[in-house]
Amino acid sequence: MLKGKVAIITGASRGIGRAIANNFAQNNAIVGINYNTSDLKAEETIKQIKQKGGKAILLKGDVSNPKDVETIVNTFVSETKKIDILVNNAGIYKRSNFEKISYDTWNKVISTNLTGCFNLCKQALPYMKPGSKIIFISSQLAFRGSSHGADYASSKAGMLGLMRSLALELACKKINVNAVAPGTIDTDIIANYSEEIRKQRIKEIPLNRLGTPDDIANTCLFLASNLSDYITGETINVNGGLYIH
Ligand code: NAD
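The structure reproduced in this document is the subject of the present report.

Criteria and thresholds
- Every chain's residues receive numbers from 1 upward, in the order its sequence appears when written.
- Local features are withheld for residues below a pLDDT of 70 in this predicted model, meaning they are given only at 70 or higher, and side-chain atom pairs are given and counted only at 80 or more; totals for whole chains, interfaces and linings count all residues.
- The side-chain quantities take in all heavy atoms of the structure and omit both hydrogens and water.
- Note on method: axes are straight lines fitted to C-alpha atoms, helices fitted across the in-contact stretch only, with angles between N-to-C directions ranging 0 to 180 degrees.
- Segments assigned H or I by DSSP are reported as helices when at least four residues long, segments assigned E as strands when at least two residues long, and all are numbered from the N terminus.
- Angles are sorted into four bins: roughly parallel if under 35 degrees, roughly antiparallel if over 145, roughly perpendicular if 65 to 115, and oblique for all others.
- Less than a right angle of anticlockwise turn of the near helix away from the far helix marks a crossing as left-handed, whereas a clockwise turn marks it as right-handed.
- Residue contacts are counted whenever heavy atoms from the two residues lie within 4.5 Å of one another.
- Throughout, the ten residues Ala, Val, Leu, Ile, Met, Phe, Trp, Tyr, Cys and Pro are labelled nonpolar, Asp, Glu, Lys and Arg are labelled charged, and all others, Gly among them, are labelled polar.
- Only heavy atoms are used to decide nearness, and a residue is near a molecule or strand if one of them lies within 4 Å of it.
- N or O atoms closer than or at 3.5 Å make up a polar contact, with two conditions inside protein: a donor-capable atom paired with an acceptor-capable one, and, for residues adjacent in sequence, both atoms drawn from side chains.
- Each accessible area value is a Shrake-Rupley result obtained with a 1.4 Å probe; residue values ignore everything except the protein chains displayed when judging cover.
- Any residue with an atom within 4 Å of a point lines the site, the site being either a cavity, points on a 1 Å grid over the protein atoms alone where a 1.4 Å probe fits but cannot get out, or a pocket, an open set with protein on both sides within 12 Å along at least 5 of 7 lines.
- For a molecule to be placed in a cavity or pocket, more than half of its atoms must lie within 2 Å of the grid points of that cavity or pocket.

Structural notes on the packing of helix H1 (residues 15-26) against helix H9 (residues 213-224)
Phase 1 of the analysis: Contact pair H1 / H9: the axes reach a minimum separation of 8 Å and the direction vectors enclose 50°. When the axis of H1 is compared with that of H9, the two are oblique. Handedness of the H1/H9 crossing: right-handed. Residues Gly 15, Ile 16, Ala 19, Ile 20, Asn 23 and Phe 24 of H1 pack against Pro 213, Asp 214, Ile 216, Ala 217, Asn 218, Cys 220, Leu 221 and Ala 224 of H9.
Phase 2 of the analysis: Here the residues of the contact of H1 with H9 sort into ten nonpolar, three polar and one charged.

In structure tokens:
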């Protein structure tokens, strides 16, 4: 579905980002695997892709740092000459009540989850031609809010504002901009949930299971492909019916 396409996926060393990278590579895209600190995990992702005959480029760098993002984009483009698909996936989440969120934590979450997307869009756009796609990985908490992650929910809601604005601004260039809002997906980001909280979460989900990284990757494949050419400014909720709106 993505033959001839090249895609940057941020935070692709593990979890949802890794699943998106694997999925896109299996659909014949060349994928740029961005990661920040987990060298081993990123190399593991590259190995998985290459074993299945896919092509991948390692892109180390912190999305919140504009200089790093310049390097990420330049490294990728020096090989591919263009960017067809950008997936803003990198994100951090620390479960914490509002009174315990420090200024430092607030700034870190916003600068990674929201400013990171701005940095990538800013640097990648000059290489994106008509037919290109930008995808944001937001969260159900962008809509619901969170009693233990006001910083995270704010960053994810901010992403949707950026997504909608870019969709309007880039429509004349035939660049589609959309978001995916995952529910609870079984990755490292929820690894600190106790068995009790996991069971409680599953109970609340009408489809009676946690989501998988592949559930999100398949939705991203649709948004990255030509099948979604007439969709822009939209958010697809992938949450097992947990929050229908
Ligand atoms: P994860 O913690 O397994 O993966 C996050 C990835 O982002 C990692 O590869 C990490 O290295 C990378 N990353 C973090 N900070 C970075 C930085 N400054 N620069 C570059 N990379 C950085 O979590 P995940 O569940 O795979 O999450 C992926 C995305 O999906 C995140 O944006 C997250 O907020 C979102 N999301 C996850 C869930 C869930 O339940 N798992 C739900 C809703 C939204």
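Here the narrative resumes.
Some words on the site of the ligand
Phase 1 of the analysis: Around the ligand sit 29 residues in total, of which Asp 62, Asn 89, Tyr 152, Ile 185 and Thr 187 are the nearest.
Phase 2 of the analysis: Separating an oxygen atom of the ligand from a backbone N or O atom of Gly 11 is a distance of 3.2 Å.
Phase 3 of the analysis: One of the side-chain nitrogen or oxygen atoms of Lys 156 is found 2.8 Å away from an oxygen atom of the ligand.
Phase 4 of the analysis: Summarising the interface, the protein chains cover 95% of the accessible area of the ligand, which totals 820 Å² for the free molecule.
Phase 5 of the analysis: Assessed atom by atom at 2 Å from the grid points, the ligand resides in the largest pocket.
Phase 6 of the analysis: Counting residues per element, the ones that place at least two in the shell around the ligand are H1 and helix H7 (150-170).
Phase 7 of the analysis: Here the shell around the ligand is composed, by residue class, of ten nonpolar, 15 polar and four charged.

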